[in-house]
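The primary structure of each chain is shown beneath.
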Amino acid sequence: MSRADLAVVDTVAARPNPLWSLGLLRSELVTTFRRWRTLALLGVLAAVPILVGVAVRIETRGGGQVGRGGGEGPAFISQVTNNGLFLVFTALAATLPFFLPMAVGVVAGDAVAGEADAGTLRYLLVAPAGRTRLLLAKYATTMAFCLVATLVVAASALAVGALFFPLGDLTTISGTRISFADGLGRALLIALVVAASLAGVAALGLFVSTLTNSGIAAMATTVGLVITVQILDQIPQLHALQPYFFSHYWLSFADLMRDPVYWDDLVKNLELQALYTAVFGSAAWARFTTRDITA
């Protein structure tokens, strides 16, 4: 059943049907993940760990060392040759500043504006009280993409790490040894935290998407804002504002590799993402529910 058919079916109901909402969400998920653009983005994300793994393998073929040591952020790369599981952390640290938020910005920016540009938005809004449910479905779909994209990076990195490097017990940033099973569990938890770290970008992109009928303009604006915020986050003179930038605590996931885990920055990151989601989600709802849909 097409999305236009779902909207028509719902008009015959006296009150909104919860099953229709599930059908709408399923339709949004199928539509998003069947797009060639989405598959291409996931393909690029999957390729990043492969390129990193191959580069490390080539550089260390003669017994050389890569990286400068340490344990945070991209410095995880210095541990990859000792344990392939560290390639998961390295790949997530490498993709989080640009590739992952760019991909999320494209999907979120196109969520509403793309429908308006294609002329299908008005058919989705035939149903009573359809705007709020449609917006929630699109945000849920964008967050599903965040999770899938992060897991694609992690799975690709794990496969490449297992192919090129040894696996086994690993050493945490704190210097303690943990089992491979424990490390794998932490890798999964880190992937979930990284996906949650993109919630603010998803809400920002959805809000931008409600402001225009051009999908390309919404995608470009969202990606541009993500890049701008990260540039501002590196300017020392703005240190008083930087803790409020959605990207400021992104690399705090490295604290999950400490023993015991440092939760302070992790909690601040999740709280900040919740704040951005609430602010820009509310703004998107206010704009979308009062918008004159003429497409």
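Residues numbered from 1 in each chain as written. Predicted model: local features only at pLDDT ≥ 70, side-chain atom pairs only at ≥ 80, totals over all residues. Heavy atoms only, no water.

**Some thoughts on the packing of helix H9 (residues 199-209) against helix H11 (residues 264-289)**
How we decide: Only the contacting stretch of a helix is used when fitting its axis, a line to C-alpha atoms as for every element, and angles between N-to-C directions run 0 to 180 degrees. By definition, any uninterrupted DSSP run of H or I lasting at least four residues is a helix, any uninterrupted run of E lasting at least two residues is a strand, and each is numbered from the N terminus. Put simply, angles under 35 degrees are roughly parallel, angles over 145 are roughly antiparallel, angles from 65 to 115 are roughly perpendicular, and the rest are oblique. In this scheme the handedness of a crossing depends on how the near helix is turned from the far one: anticlockwise by less than a right angle means left-handed, clockwise means right-handed. Contact criterion: two residues are considered in contact whenever any of their non-hydrogen atoms come within 4.5 Å of each other. Classification convention: Asp, Glu, Lys, Arg as charged; Ala, Val, Leu, Ile, Met, Phe, Trp, Tyr, Cys, Pro as nonpolar; all other residues, Gly among them, as polar.
Axis separation between H9 and H11 bottoms out at 8 Å; the angle between their running directions is 15°. Relative to H11, the element H9 lies roughly parallel. Every pair of crossing elements has a handedness; the one defined by H9 and H11 is left-handed. Within the contact between the two elements, H9 uses Ala199, Gly200, Ala203, Leu204, Leu206 and Phe207 and H11 uses Gln273, Tyr276, Thr277, Phe280, Gly281, Ala283 and Ala284. Residue classes in the contact of H9 with H11 are distributed as nine nonpolar, four polar and no charged.

**Some words on helix H4 (residues 86-95)**
Let me state the cut-off plainly: The rule is simple: take the accessible area with a 1.4 Å probe, protein chains only, and divide by the maximum for that residue type; under 20% is buried, over 50% is exposed, in between is partly exposed.
Burial analysis of H4 places nine of its 10 residues in the buried class, the great majority of the element. Listing the buried residues of H4 in full gives Phe86, Leu87, Val88, Phe89, Thr90, Ala91, Leu92, Ala93 and Thr95.

**Side note on the nonpolar core**
Threshold: Only buried residues count toward a nonpolar core. Its members are Ala, Val, Leu, Ile, Met, Phe, Trp, Tyr and Cys residues joined through side-chain atoms within 4.5 Å.
Formed by 72 residues in total, the largest nonpolar core has its most connected members in Val88, Phe89, Leu100, Phe145, Ile190, Phe246 and Phe253. Going through the elements one at a time, helix H3 (36-59), H4, helix H5 (99-118), helix H7 (130-164), helix H8 (180-197), H9, helix H10 (215-232) and H11 are the ones with two or more residues in this core. No other element matches the 11 residues that H7 contributes to this core. Setting aside anything within four residues of it in sequence, one finds Val88 in contact with Ala154, Ala157, Leu158 and Ala187.

**Regarding the pattern of salt bridges**
For clarity, the threshold we go by: We define a salt bridge as a side-chain nitrogen of Lys or Arg found within 4 Å of a carboxyl oxygen belonging to Asp or Glu.
In the structure shown here, the tally under the stated rule is five salt bridges. Close ionic contact of Arg186 with Asp182 constitutes a salt bridge, the shortest N to O distance being 3.6 Å. A residue pair is termed a helical-turn pair when its members lie 3 or 4 positions apart in one helix, as Arg186 and Asp182 do in helix H8 at four residues. Owing to a relative accessible area of 13%, Arg186 belongs among the buried residues under this scheme. Taken together, the salt bridges that share partners define one network made up of Arg35, Arg37 and Asp110.

**Observations regarding the packing of aromatic side chains**
Put simply, the test is: Note on ring pairs: Phe, Tyr and Trp rings are taken, using the six-membered ring of Trp, and paired if centres are within 6.5 Å. Classes follow the plane angle, with under 30 degrees stacked, over 60 edge-to-face and the rest tilted.
Taken as a whole, this structure holds eight aromatic pairs when the rule is applied. Geometrically, the ring pair formed by Phe207 and Phe280 is tilted, given 5.9 Å between the ring centres and 50° between the ring planes. Taken as a pair, Phe207 in helix H9 and Phe280 in helix H11 lie far apart in primary sequence, 73 residues in all. The partly exposed category is assigned to Phe280, whose relative accessible area is 21%. Aromatic side chains Phe246 and Tyr276 sit 5.5 Å apart centroid to centroid with 90° between the ring planes, which places their arrangement in the edge-to-face category. Of this pair, Phe246 sits in the loop between H10 and H11 while Tyr276 sits in helix H11, and the two are 30 residues apart along the sequence. Overall, the relative accessible area of 2% leaves Phe246 in the buried class. Judged by relative accessible area, which is 16%, Tyr276 ranks as buried. Through a chain of ring-to-ring contacts, three or more aromatic side chains come together here, namely Phe207, Phe246, Trp250, Tyr276 and Phe280.

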